[in-house]
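Next come the chains, spelled out residue by residue.
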Protein chains: 2
Amino acid sequence: MTHFGKSIRTRRERLHLEDKRFSLRQVAQRIGIEPAYLSKIERGEVSPPSEATTVRLAHELGEDPDVLLALAGKVSGDLQNIIRKRPKLFAELIRQLKEAPDHALLHVVREVRDGEW
Amino acid sequence: MTHFGKSIRTRRERLHLEDKRFSLRQVAQRIGIEPAYLSKIERGEVSPPSEATTVRLAHELGEDPDVLLALAGKVSGDLQNIIRKRPKLFAELIRQLKEAPDHALLHVVREVRDGEW
DNA sequence: CAAAGTGTGTACTAGTTAATACACATGACA
DNA sequence: TGTCATGTGTATTAACTAGTACACACTTTG
């Protein structure tokens, strides 16, 4: 679908230039999947892997898990759990923030972090 | 898992008292699934149905789709799409709001609705 | 009483997810 | 030169998702 595979291949190859431990095979072994599978993932021959595997891959490559999950077309399960506990409030909030510019989101984030309610 | 089935059975039976069009069979037909399947859903014999079916059921029973999806252990795809477009910002915001009390969430919702940033 | 409507038990299934296992050709390297 | 590591092609799979199809027994209802 998107360029999930391309993105991690690029990232891995960059790391590989400076550190031979970032060969496809070695990365695959460290995150616990078959090399052939990682190869297919990177070339987009198969759909992105499960959430758990994507997160391990993100850590391995020093990427933000939420960003990589987004590229994989997913939303992290723990965020979903938070939403599921108060679906009306979160649904309304998120839909309202759909069109808001980034700086507005940041503003809200900061307000919540600093604010006392 | 949760009481998804119980919840919709209760809801449907209440509606059925006043309107015979809310028999299991007729509801199943209107939302486009087999009666036997709805029966199993209501008794929790199978896991909750797909998002699309859950949403049709919510509309049929006059329930909030987001709430029913939450009971089904899911988060609506359109909310996920919004999050996926700006994963870092939304992930941080949602995790920060995890522990916030309801009135704080409402406060933010209102601020975003009324405010100009 | 017959016809229609009700809920449910049993059996089955096409499609998807998330992978594994093995073989192979190529390149590095000591 | 041999051996080791590398990336990839092909074949296969167990578990899960999201249902359908049909038969059955019971209850209204006309």
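Everything here concerns the structure above.
What counts as what
- Residues numbered from 1 in each chain as written.
- Chains lettered and ligands numbered in written order.
- Predicted model: local features only at pLDDT ≥ 70, side-chain atom pairs only at ≥ 80, totals over all residues.
- Heavy atoms only, no water.
- Near = heavy atom within 4 Å.
- Polar contact = N/O pair within 3.5 Å; in protein donor to acceptor, adjacent residues only side chain to side chain.
- Helix = DSSP H or I, 4+ residues; strand = E, 2+ residues; numbered from the N terminus.
- Nonpolar A, V, L, I, M, F, W, Y, C, P; charged D, E, K, R; others polar.
- Buried < 20%, exposed > 50% of the residue type's maximum accessible area, 1.4 Å probe, protein only.
- Least-squares fit on C-alpha atoms with pLDDT ≥ 70 in both.
- Contact = heavy atoms within 4.5 Å.
- Buried area = accessible area lost by both parts, 1.4 Å probe.
- Salt bridge = Lys/Arg side-chain N within 4 Å of Asp/Glu carboxyl O.
- Arc of directions from axis to C-beta.

Participant: What am I meant to see in the protein's contact with DNA strand D here?
Facilitator: Around DNA strand D, 21 residues are found, and the nearest of them are R9(A), L24(A), R25(A), R43(A) and S50(B). The side chain of S23(A) places a nitrogen or oxygen atom 3.0 Å from a phosphate oxygen of DNA strand D. R25(A) has a polar side-chain atom sitting 2.4 Å from a base oxygen of DNA strand D. Looking at the surface near DNA strand D, the elements with two or more residues in it are α1 (4–18), α2 (24–31) and α3 (35–42) of chain A together with α3 (35–42) of chain B. Split by residue class, the surface near DNA strand D holds 6 nonpolar, 6 polar and 9 charged.

Participant: Which parts of the structure should I look at to understand the environment of R25(B)?
Facilitator: Residues and elements named next belong to chain B. By secondary structure assignment, the location of R25 is in helix α2 (residues 24–31). The class for R25 is exposed, based on a relative accessible area of 61%. Separated by 55 residues in sequence, R25 and Q80 have C-alpha atoms that sit 33 Å apart.

Participant: Is there a simple way to explain the relation of the copies chain A and chain B in this structure?
Facilitator: In this structure, two copies of a chain are linked by a rotation about an axis accompanied by a shift along it. Structural alignment of chain A on chain B gives an RMSD of 0.0 Å, achieved by rotating through 180° and translating 0.0 Å along the axis. Taken together, the turn and the small shift mark the pair as related by a two-fold rotation axis. Relative to the rotation axis, the C-alpha of V108(A) is the closest in chain A, positioned 3.8 Å from it.

Participant: Sorry, what's going on with the side chain of S39(A) here?
Facilitator: Residues and elements named next belong to chain A. With respect to the helices, strands and loops of the structure, S39 is situated in helix α3. S39 sits in the buried class, given a relative accessible area of 17%. A distance of 2.9 Å separates polar atoms of two side chains, one belonging to S39 and the other to R43. Those residues within four positions of S39 in sequence are excluded, and the remaining contacts are R9 and L24.

Participant: Please clarify how the interface of chain A and chain B should be interpreted in this entry.
Facilitator: A common measure of how large an interface is: the accessible area buried when the components associate. The interface of chain A with chain B comprises 41 residues on the first partner and 41 residues on the second. Here chain A packs against chain B, burying approximately 4100 Å² in sum over the two surfaces, 72% of which is carbon and sulfur. Where D66(B) meets R95(A), a salt bridge forms, and the shortest distance between an N and an O atom there is 3.0 Å. Here chain A is connected to chain B by 14 residue pairs in polar contact (both at pLDDT 80 or more). Here the residues of the side of chain A that touches chain B are counted per class, giving 22 nonpolar, 6 polar and 13 charged.

Participant: What is the right way to read the protein's contact with DNA strand C from this model?
Facilitator: If you check the shell around DNA strand C, you find 22 residues, and the closest are R9(B), L24(B), R25(B), S39(B) and R43(B). Protein-adjacent atoms of DNA strand C, using a 4 Å cutoff, are sugar or phosphate at a proportion of 57%. S39(B) places a polar side-chain atom, nitrogen or oxygen, 2.9 Å from a phosphate oxygen of DNA strand C. Between DNA strand C and the protein, one listed contact pairs a base oxygen with a side-chain N or O atom of K40(B) at 3.0 Å. Every element with two or more residues in the surface near DNA strand C is listed here: α3 of chain A together with α1 (4–18), α2 and α3 of chain B. When residues in the surface near DNA strand C are grouped by element, the largest group, 4 residues, is from α3(B). Of the residues that constitute the surface near DNA strand C, the class distribution is 7 nonpolar, 6 polar and 9 charged.

Participant: Explain helix α6 (residues 77–85) of chain A to me, please; I cannot follow it from the model alone.
Facilitator: Count 3.6 residues to each turn of an α-helix, and residues three or four apart come out pointing the same way. Regarding α6(A), the residues found buried are L79(A), Q80(A), I82(A) and I83(A). Taken down its axis, α6(A) places every buried residue within 160° of arc, on the same side. Buried-residue contacts for α6(A) involve α5 (65–71) and α7 (87–97) of chain A together with α6 (77–85) and α7 (87–97) of chain B.

Keep in mind these numbers describe shape, not what the thing actually does.
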